[in-house]
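Examination of the molecular architecture
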Amino acid sequence: MSKSKAHEPATKNWLPLEAKAELARLAQEIRKHDALYHGEDKPAISDAEYDSLRGAYRDLRAQFPELAPVDDPEKQVGYAPQAGFSKVGHQVPMLSLGNAFSPDDVTDFVARIHRYLGWKTDGKEAAALRFVAEPKIDGLSCSLRYEQGKLTVAATRGDGVTGENITANVRTIATVPQQLHGNYPDMVEVRGEVYMARADFLALNQARQAAQEEPFANPRNAAAGSLRQLDATITAQRKLRFFAYALGAASAPVAATQTALRQQLKSWGFTLNEPAAACATTAELLAYFARIGGERSALPFDIDGVVYKVDDCALQERLGFVSRAPRWAIAHKFAAEQAQTRLKAITIQVGRTGVLTPVAELEPVNVGGVMVSRATLHNADEIVRKDIRVGDSVTVQRAGDVIPQIVSSDAGKRAADSAPFTFPTQCPVCHSHVVEQEDYAARRCSGGLFCPAQQQEKLRHFVSRDAFNIEGLGEQRIEEFIQLGWLHSPADIFRLGQHKDALLQREGWKEKSVSNLLAAIEARRTIPLAKLIYALGIPQVGEVTAKQLAMHYRNYPHWYDAMRRVAANDETARTELDDLPNIDQALIASVSDFFAEAHNRAVIEELAQLLRIEEQAAPVASDHPLAGKTIVFTGTLQSMGRNEAKAKAESLGAKIGSGISKNTDYLVMGEDAGSKADKAKALGITILSEAEWIKLTE
């Protein structure tokens with residue numbers, strides 16, 4: 001599971017430039033998760049997290065509508081069709097629904113309809129307002145086009161305007177009529193949901209596990225993965241079903257109300273999403289929601305809420321659409337489904353960045369049609385807060401019906417000899433010590449350069465452009481060499497020449513590509529001290545700090561000895577580091593933790609034997625006005641890149657800062673600058689435009 005960046009509250013007093021950047025970031029994140037959910041059928045976050053992401057974007061967009069990005073998620077539905085299927089244009093767009101999460105949201109939905117129509121809530125017209133409430137099936141939206149009653153084209157929703165042609169696959173679904181019954185228009189598009197019944201899903205997963213194939217996460221993923229097979233014979237082996245609930249384009253009117261439409265669909269041979277109900281008031285809508293929620297686990301298919309639709313089709317036409325959703329319908333989402341089971345053990349996973357994540361090992365339990373045997377416990381603080389212990393009876397839910405998590409523990413059923421969980425102080429992978437930094441919930445393995453769990457991420461950083469900049473040694477190559485057992489630590493990069501003959505025998509490698517890689521590696525055997533420090537990936541030591549350390553300590557032996565003494569709590573060494581500008585206690589603690597780990601020191605010492613580490617040149621004495629001044633850059637410069645501007649400043653004797661502080665002399669502000677300008681103004685720091693900066697450096 002991947003976590004989205006925390007979303008800032010809508011109540012924050014955003015500056016326009018900040019809001020523009022935040023809207024762009026949120027839009028990019030929404031599109032990423034749309035691609036995973038709609039394009040790959042592999043959601044990475046829960047429905048609840050996705051809805052929160054959408055809500056944060058919607059709230060901020062309401063404050064700054066003119067700053068919405070070009071790819072405004074509020075104007076887009078689903079995701080672009082994928083390669084492998086031909087494209088089908090929807091004559092009438094297939095849009096999505098807005099969401100309600102509480103009774104107040106439903107009350108607001110009904111009130112908005114009254115306001116839009118100009119009706120009083122207690123008037124005679126308002127009394128005529130009727131709704132149809134239906135179960136919201138958790139499946140894959142599909143549109144079926146019938147001409148002269150015969151199925152001609154079936155398509156996915158895609159991006160709402162263009163979908164994928166899945167006609168061959170849909171023809172294998174028994175509940176999709178190939179020929180409509182009774183009376184029907186010459187052309188009509190029937191819309192609904194392809195899904196997999198819970199019993200069929202469990203049977204499919206049992207068969208896949210028996211064949212040593214990866215099981216599907218839930219019925220929705222199983223249905224989507226089955227329907228979007230390029231080979232229709234595979235789809236035919238999966239027991240997919242179809243519920244009809246709406247129309248797209250039609251050559252003639254079909255029904256005057258949603259209720260009548262449902263009956264017409266049934267007469268044509270379709271199965272409907274039952275049980276539905278006619279409702280006249282908000283109270284009746286909420287009563288239906290409560291009733292279906294109580295019956296949810298007994299239904300043979302998965303639902304994730306209910307849908308409320310205005311019954312009168314003429315009113316639907318008047319109400320129309322707002323953004324990507326109809327005004328006349330809304331989805332009322334359920335809270336996550338829950339179940340109880342026993343916590344057998346707590347294991348620890350180590351991520352690519354060294355974060356230790358506790359995982360609950362459970363007695364398998366069926367939660368909403370999915371057999372759950374593991375659940376995330378997030379971090380050590382979460383275990384303490386919920387007082388979760390091995391052997392406990394715990395309540396499990398699938399957050400957003402996707403990601404399993406433990407909600408609570410029943411202390412009343414706890415064994416007498418139960419004891420609180422003790423979080424490990426050593427990494428379970430490499431046995432380096434675990435560090436816990438103030439203000440951070442996560443605990444990390446300190447053996448970054450040594451820990452196998454972190455190898456790929458640390459090595460990727462080591463060879464990146466701003467570090468060793470080894471061309472041709474990207475993430476895929478690093479992964480390949482790790483799997484071959486050739487790459488364990490940074491020093492192994494400079495021993496890859498030993499594997500030249502074996503590399504030439506591998507697919508995708510030729511004499512030229514091997515020679516180019518080895519030449520690029522050899523060219524980096526000489527490296528500036530600042531580049532080496534940055535490449536080591538010490539937490540909180542970025543490029544600017546690495547340069548600052550190199551400038552102060554000048555050469556590798558002096559720097560390395562000083563860092564070892566900092567880790568050993570040498571008061572002189574720690575004071576010397578603390579006295580440097582922009583060095584805070586959190587950074588000192590991070591450096592200390594890193595060098596306190598013997599594994600890290602061994603890796604650095606081995607690496608130093610293979611390299612020629614250049615001494616940092618002393619700054620050239622200068623009488624330029626910028627000499628000795630601390631400069632911070634923010635925003636995008638038009639006349640030069642940020643690195644070029646920094647280099648120019650350093651050549652004039654200036655020091656480069658990473659953040660605004662009382663020691664900052666100038667803030668150079670480019671386009672789309674962030675919040676640094678506000679802080680600089682508050683501290684009375686001189687702010688320069690790009691033009692003023694260029695003039696000052698002449």
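Residues numbered from 1 in each chain as written. Predicted model: local features only at pLDDT ≥ 70, side-chain atom pairs only at ≥ 80, totals over all residues. Heavy atoms only, no water.

1. Overview of the packing of helix H20 (residues 556-567) against helix H21 (residues 571-578)
Test applied: To define axes, lines are fitted to C-alpha atoms, for helices over the stretch in contact only, and angles between the resulting N-to-C directions are given on a 0 to 180 degree scale. Numbering of helices and strands runs from the N terminus, with a helix taken as a DSSP run of H or I at least four residues long and a strand as a DSSP run of E at least two residues long. When an angle is under 35 degrees it counts as roughly parallel; over 145 it counts as roughly antiparallel; between 65 and 115 it counts as roughly perpendicular; any other value is oblique. Crossing handedness: left-handed means the near helix sits turned counterclockwise from the far one by under a right angle, and right-handed means the same turn made clockwise. Should any heavy atoms of two residues lie within 4.5 Å, those residues are considered in contact. Each residue gets one label: Ala, Val, Leu, Ile, Met, Phe, Trp, Tyr, Cys and Pro are nonpolar, Asp, Glu, Lys and Arg are charged, and the others, such as Gly, are polar.
Orientation of H20 relative to H21, taken along the N-to-C sense of each, is 110°, at an axis distance of 8 Å. Taken as axis vectors, H20 and H21 run roughly perpendicular relative to one another. Along this stretch, H20 crosses H21, giving a crossing that reads as left-handed. Contacts between H20 and H21 involve His-558, Ala-562, Arg-565 and Val-566 on the former and, on the latter, Ala-573, Arg-574, Glu-576 and Leu-577. For the contact of H20 with H21, the per-class residue count stands at four nonpolar, one polar and three charged.

2. Side note on the sheet that holds strand S7 (residues 187-196)
Note the following rule: Only strands joined by at least two bridges in the DSSP assignment are considered to pair.
Across the sheet, which stays open at both edges, the five strands sit in the order S5-S4-S7-S8-S9 with mixed pairing between neighbours. Two strands lie at the open edges of the sheet, namely strand S5 (150-156) and strand S9 (271-272), each paired on one side alone. As defined by bridge partners, strand S4 (residues 140-147) adjoins S7 across eight bridges and the pair is classed as antiparallel. Of the residues in S7, the one forming a bridge with Ser-143 is Arg-191.

3. Regarding helix H3 (residues 103-117)
Residues three or four positions apart in an α-helix share a direction because the helix packs 3.6 residues into each turn. Operational definition: The span you would expect from a helix comes to 1.5 Å times its residue count less one. Buried residues are those whose accessible area, probed at 1.4 Å on protein chains only, stays under 20% of the maximum for their type, while exposed residues exceed 50% and partly exposed ones sit between those limits. Taken from the helix axis, the directions to the C-beta atoms give the arc we talk about.
With 15 residues, H3 ought to run about 21 Å at 1.5 Å a step, and its terminal C-alpha atoms sit 22 Å apart, in line with that. Taken as a whole, H3 has its buried residues at Val-106, Phe-109, Val-110, Ile-113, His-114 and Leu-117. Taken around the axis of H3, the buried residues stretch over an arc of 135°, which confines them to a single face. More than 90 degrees from the buried face of H3, the exposed residues found are Asp-104 and Arg-115.

4. Looking at the pairing of S5
Across six bridges, S4 lies against S5 in antiparallel orientation. Across the sheet, Leu-144 pairs through a bridge with Ala-154, a residue of S5. Where S4 hands over to S5, the hairpin turn is made up of two residues, of which Gln-148 adopts a positive phi near 55°.

5. Concerning empty space enclosed by the protein
Over the atoms rolls a probe the size of a water molecule, and in doing so it shows where empty space is left. Rules: Of the two site types, the cavity is a set of points on a 1 Å grid over the protein atoms alone where a 1.4 Å probe fits but cannot get out, and the pocket is an open set with protein on both sides within 12 Å along at least five of seven lines, each lined by residues with an atom within 4 Å of a point. Grid points are joined across faces, edges and corners, and a volume is the space filled by probe spheres set on the points.
Scanning the model with the defined rule gives three cavities of 30 Å³ or more in all. Its boundaries defined by the atoms lining it, the second largest cavity holds a volume of some 40 Å³. Along the walls of the second largest cavity sit Leu-449, Gln-455, Lys-458, Leu-459, Phe-462, His-488, Ser-489 and Pro-490, which together make up its complete lining. Broken down by element, the residue count for the lining of the second largest cavity peaks at four residues, all from helix H13 (residues 455-462). In terms of residue class, the lining of the second largest cavity is made up of four nonpolar, three polar and one charged.

6. Remarks on the nonpolar core
Across soluble globular proteins, nonpolar side chains show a tendency to be buried alongside one another. Definition in use: To qualify as a nonpolar core, a set must consist of buried Ala, Val, Leu, Ile, Met, Phe, Trp, Tyr and Cys residues joined through side-chain atoms within 4.5 Å.
In terms of nonpolar packing, the biggest core is built from 59 residues, with Phe-468, Phe-481, Ile-493, Leu-532, Tyr-556, Trp-559 and Phe-595 touching the most fellow members. Top contributing element to this core by residue count: H20, with seven residues. Those residues in contact with Tyr-556 that lie beyond four places of it in its chain are Leu-529, Leu-532, Ile-604, Glu-605, Ala-608 and Ile-613.

7. Points about the pairing of strand S11 (residues 303-310)
Counting buried residues in S11 gives eight out of eight residues, a clear majority hidden from the surface. As paired strands, strand S3 (residues 131-137) and S11 are joined by seven bridges and run antiparallel to one another. Each bridged residue has a counterpart across the sheet, and for Ala-133 the counterpart in S11 is Tyr-308.

8. Re the sheet that holds strand S26 (residues 666-669)
Across the sheet, which stays open at both edges, the four strands sit in the order S25-S24-S26-S27 with parallel pairing between neighbours. With one partner strand each, in any of the chains shown, strand S25 (655-656) and strand S27 (686-689) form the two edges of the open sheet. Here strand S24 (residues 630-634) pairs with S26 via four bridges, running parallel. When the sheet's bridge partners are listed, Thr-634 is paired in S26 with Met-669. The sheet contacts of helix H25 (residues 676-683) involve S24, S26 and S27, and relative to S26 the element is tilted by about 150°. Here helix H26 (residues 690-697) sits on the sheet and contacts S24, S26 and S27; the angle it forms with S27, its principal contact strand, is near 95°.

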